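The chain contents come next:
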Amino acid sequence: MNTSHSRGTWGSRSGFILAAAGSAVGLGNIWGFPTQVGQGGGAAFVLVYLICVLLICAPIMVAEIALGRHSRLSPAGAFRNLAPDSSWWIVGALGVATGAGILSFYSVISGWTIAYVWFTATSAVSGNAESVNRFFEAFTSNGIVNLALTSLVLGATATILLGGVRAGIERATKTLMPALIVLLLILAMRAVTLPGAEAGLDYYMRPDLTRLLDVSVFNAALGQAFFSLSLGMGAMITYGSYLGRREAIGTSTVWIVILDTSIALLAGFIIFPAGFSISGFDPTSSGPGLIFTVLPRLFSTIPGGNLFGAAFFLLLSMAALTSTISLLEVPVSHCVDTRGWSRRKAVAIVTGCVFLLAIPSSLGNGAVGLFSDLPIIGGNFLDLMATIWNNFSLPIGGLLTSIFVGRVWHVNRALDELRAEGASFPVAPLWIFLVKWVCPVAIGSIIIATALVTF
Ligand code: TRP
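Residues numbered from 1 in each chain as written. Predicted model: local features only at pLDDT ≥ 70, side-chain atom pairs only at ≥ 80, totals over all residues. Heavy atoms only, no water.

Enquirer: Looking at this model, I keep getting lost on the overall build of the chain. Mind explaining?
Expert: Helix and strand counts for the chain come out as 20 helices and zero strands. The C-alpha radius of gyration of the chain comes to 21 Å, within 12% of the 23 Å expected for a compact globule of 455 residues. For the chain, the spread of C-alpha atoms along the principal axes amounts to about 60 × 50 × 45 Å. Taken over 455 residues, the chain has a buried fraction of 56%. Sequence separation of at least 24 residues holds for 83% of the intrachain contacts in the chain that already meet a minimum separation of 6. Summed over all atoms, the accessible surface of the chain reaches about 17,600 Å², with 67% contributed by carbon and sulfur. A gap of 11 Å separates the mean positions of the 23 positive and 19 negative side-chain charges of the chain. (Helix = DSSP H or I, 4+ residues; strand = E, 2+ residues; numbered from the N terminus. Rg over C-alpha atoms; globule rule 2.2 N^0.38 Å. Buried < 20%, exposed > 50% of the residue type's maximum accessible area, 1.4 Å probe, protein only. Contact = heavy atoms within 4.5 Å. Areas by Shrake-Rupley, 256 points an atom, 1.4 Å probe, with all protein chains shown as cover. Lys, Arg positive; Asp, Glu negative; His and termini not counted. Charge placed at Lys NZ, Arg CZ, Asp CG, Glu CD.)

Enquirer: What is the right way to read the site of the ligand from this model?
Expert: Taken together, 17 residues lie near the ligand, and Ala 24, Gly 28, Tyr 106, Phe 227 and Ser 326 sit nearest. Taking Leu 27, its main chain carries an N or O atom lying 3.1 Å from an oxygen atom of the ligand. A distance of 2.8 Å separates a nitrogen atom of the ligand from a polar side-chain atom of Ser 326. Relative to its unbound accessible area of 360 Å², the ligand is 100% covered by the protein chains. For the shell around the ligand, the secondary-structure elements that each account for two or more residues are helix H2 (15–24), helix H3 (27–40), helix H6 (89–121), helix H11 (215–228) and helix H16 (305–339). Grouping the constituent residues of the shell around the ligand by class yields nine nonpolar, eight polar and no charged. (Near = heavy atom within 4 Å. Polar contact = N/O pair within 3.5 Å; in protein donor to acceptor, adjacent residues only side chain to side chain. Nonpolar A, V, L, I, M, F, W, Y, C, P; charged D, E, K, R; others polar.)

Enquirer: Looking at this structure, I do not really get the packing of H2 against helix H13 (residues 249–276). What am I missing?
Expert: To characterise two packed helices, one gives the angle between the axes of the helices and the distance between these axes. Between H2 and H13, the least distance of the axes is 10 Å, while the angle of their chain directions is 35°. Crossing handedness for the pair H2 and H13: right-handed. In contact with Phe 16, Ile 17, Ala 20, Ala 21 and Ala 24 of H2, H13 contributes Ser 252, Trp 255, Ile 256, Leu 259 and Asp 260. Grouping the constituent residues of the contact of H2 with H13 by class yields eight nonpolar, one polar and one charged. (Axes fitted to C-alpha atoms, helices over the stretch in contact; angles between N-to-C directions. Left-handed = near helix turned anticlockwise from the far one by under 90°.)

Enquirer: It is not clear to me how helix H15 (residues 290–299) should be interpreted in this structure. Could you clarify?
Expert: Think of an α-helix as 3.6 residues a turn; residues three or four steps apart then line up on the same face. Judged by how many residues are buried, H15 sits mostly within the fold: nine of ten residues are covered. Listed in full, the buried residues belonging to H15 are Leu 290, Ile 291, Phe 292, Thr 293, Val 294, Leu 295, Pro 296, Leu 298 and Phe 299.

Enquirer: Which parts of the structure should I look at to understand a nonpolar patch on the surface?
Expert: On the surface, a cluster of nonpolar side chains totalling about 470 Å² of accessible area is made up of Leu 47, Ile 51, Leu 54, Leu 55 and Leu 209. Following the sequence through the fold, Leu 54 ends up in helix H4 (residues 43–71). (Patch = residues over 30% accessible without salt bridge, like charges linked within 9 Å, V, L, I, M, F, W, Y side chains within 5 Å. Salt bridge = Lys/Arg side-chain N within 4 Å of Asp/Glu carboxyl O.)

Enquirer: I would appreciate a short explanation of the packing of aromatic side chains in the present structure.
Expert: The geometry of an aromatic ring pair comes down to the distance between the two centres and the angle between the two planes. A complete count under the given rule lists 28 aromatic pairs for this structure. Look at Phe 312 and Phe 313: their rings are 5.5 Å apart centre to centre, the planes differ by 75°, and that puts the pair in the edge-to-face class. Both residues of the pair, Phe 312 and Phe 313, belong to the buried class. (Phe/Tyr/Trp six-rings, centres within 6.5 Å; stacked < 30°, edge-to-face > 60°.)

Enquirer: Looking at this model, I keep getting lost on the layout of surface pockets. Mind explaining?
Expert: In this approach, a probe sized like a water molecule rolls over the atoms, and the result shows the empty space that is left. Each pocket or cavity is described by its volume, and for the largest pocket that value is around 920 Å³. Around the largest pocket, the lining is made up of 33 residues, and of these Gln 39, Asp 383, Ala 386, Thr 387 and Asn 391 lie nearest the centre. Breaking the lining of the largest pocket down by element, the ones donating at least two residues are H3, H11, helix H18 (381–408) and helix H20 (428–454). Per element, the largest residue contribution to the lining of the largest pocket is nine residues, and it comes from H18. A breakdown of the residues in the lining of the largest pocket according to their chemical character gives 15 nonpolar, 16 polar and two charged. (1 Å grid on protein atoms, 1.4 Å probe; cavity = no way out; pocket = protein on both sides within 12 Å on 5 of 7 lines; lining within 4 Å. Points joined across faces, edges and corners; volume = space filled by probe spheres on them.)

Enquirer: Sorry if this is basic, but what is going on with the pattern of salt bridges here?
Expert: Side chains that differ in sign of charge can pair as their charged atoms come close. Scanning all chains against the criterion turns up six salt bridges. Between Glu 417 and Arg 69 there is a salt bridge; the shortest N-O distance is 2.7 Å. Here the residue Glu 417 occupies a position in helix H19 (residues 411–418), and Arg 69 occupies one in helix H4, the gap between them amounting to 348 residues. The class for Glu 417 is buried, based on a relative accessible area of 2%. A residue is classified by how much of its surface remains accessible, and Arg 69, at 3% relative accessible area, is buried. Between Arg 343 and Glu 329 there is a salt bridge, with the nearest N and O atoms lying 2.9 Å from each other. Taken together, the residues span a long stretch of sequence, with Arg 343 in helix H17 (residues 343–363) and Glu 329 in helix H16 at a distance of 14 residues.

Enquirer: Hey, could you run me through the packing of H4 against H18 in this one?
Expert: Contact pair H4 / H18: the axes reach a minimum separation of 10 Å and the direction vectors enclose 65°. H18 is crossed by H4, and the crossing has left-handed handedness. Counted together, Ile 60, Ala 63, Glu 64 and Leu 67 of H4 and Gly 398, Thr 401, Ser 402, Phe 404 and Val 405 of H18 form the full contact between these two elements. Broken down by class, the residue content of the contact of H4 with H18 amounts to five nonpolar, three polar and one charged.

Enquirer: Help me understand empty space enclosed by the protein, please; the structure alone is not making it clear to me.
Expert: Within this structure, the stated rule accounts for four cavities of 30 Å³ or more. Computed from the structure, the largest cavity encloses a volume of approximately 150 Å³. Around the largest cavity, the lining comprises 18 residues; the ones closest to its centre are Ser 23, Tyr 106, Phe 227, Ser 230 and Leu 327. Only H2, H3, H6, H11 and H16 provide two or more residues apiece to the lining of the largest cavity. Of the residues in the lining of the largest cavity, the class split is eleven nonpolar, seven polar and no charged. Approximately 130 Å³ is the volume found for the second largest cavity. Surrounding the second largest cavity, 13 residues form its lining, Thr 173, Leu 176, Met 318, Ala 319 and Thr 322 being those nearest its centre. At the level of elements, helix H9 (166–192) and H16 are the ones that each hand at least two residues to the lining of the second largest cavity.

Structure follows, in structure tokens:
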């Protein structure tokens, strides 16, 4: 087992919070959240999402970080070390597959955001709603361009993991994240003052309670909450394994959750008011193109909107990059720890596999996609990947983690870790109740109910 010295820890006191927030804040908040709200029927989805974040995800984040810091190992090693001669290492292995799976479609969307820096800066995407939609369709149908952009994203991620410029990323996050928040605030102010914005605010904030009878809303909200907070596949176990014992896990979690959730909510205050002010807008059918079709229209209502838009997509691309790093880090550190591969070899092989899996997601979009209308699931390959990994794999990983920490490793040992060096953790009884009972029962019920209505 590694000691904390040989493993190395985060550079500065805030290094962990920055890296974890960098992992959490990404496309999940600005692209995923509004898309899911649109498909899930508006405010009812938001309500369920917030409940999932508070009662299920926040306690699991505490559990993951504690597990990582205690074991100082990557996920599979952590489970194996704390429960030798058992099958619990499988949870870590599932996380490795999930990291690669998520990265395979995440890199495609990240490629779109990079392209949109250029498209907005040069005003290539502009005009009325119809021409903006047509532009998006045509762009995502272009297989060669999409494959090139996906490789660019994966290449940049791999280079950062190899080159050890992670300290630079920590520092960059410190300035880029506030800049992104400022831009989002300005956009939200513009969006809510557009004519017709009230309909969007209504859709976003007044829940249609009949939607709560639909189990798919619960499944999608749960999956989105795990995805947005980077939980359920060991990313926070891995980041926690580099965390020094002096940092309070409870307090760090509160900050990460507040930051991540506020950014997602803010994105909704932009997309829905702006969307509804455009005639003929239908949030349900917009799918993954939602932000790429609504935002260019919004930029066109702002003086200097194309530069503003380019800055926005640039910051979003950077936020996506700090997330892809954590997605790649999990399978890479797994191969280094358990197979004894060099970091170089692990990065090369894992990135290669992810690229192969990314090909169908990259070529399946737009009207003429090769993998665009799959039988049985009735969507494209990218939708299929997002559903499998976000809605099932992450919650199942979280379910097993909560059972492991609550019952196998045991909450009292976890509490010792949470209170290390005199850190305060005043919500211990509540946390224990949530991890031991609420998380397993709620996640288990949602997964089972979804499986029953789907199959
Ligand atoms: N949370 C990131 C986002 O919202 C995506 C992400 C990065 C992720 N690392 C993860 C999701 C680990 C699940 C698990 O964009």
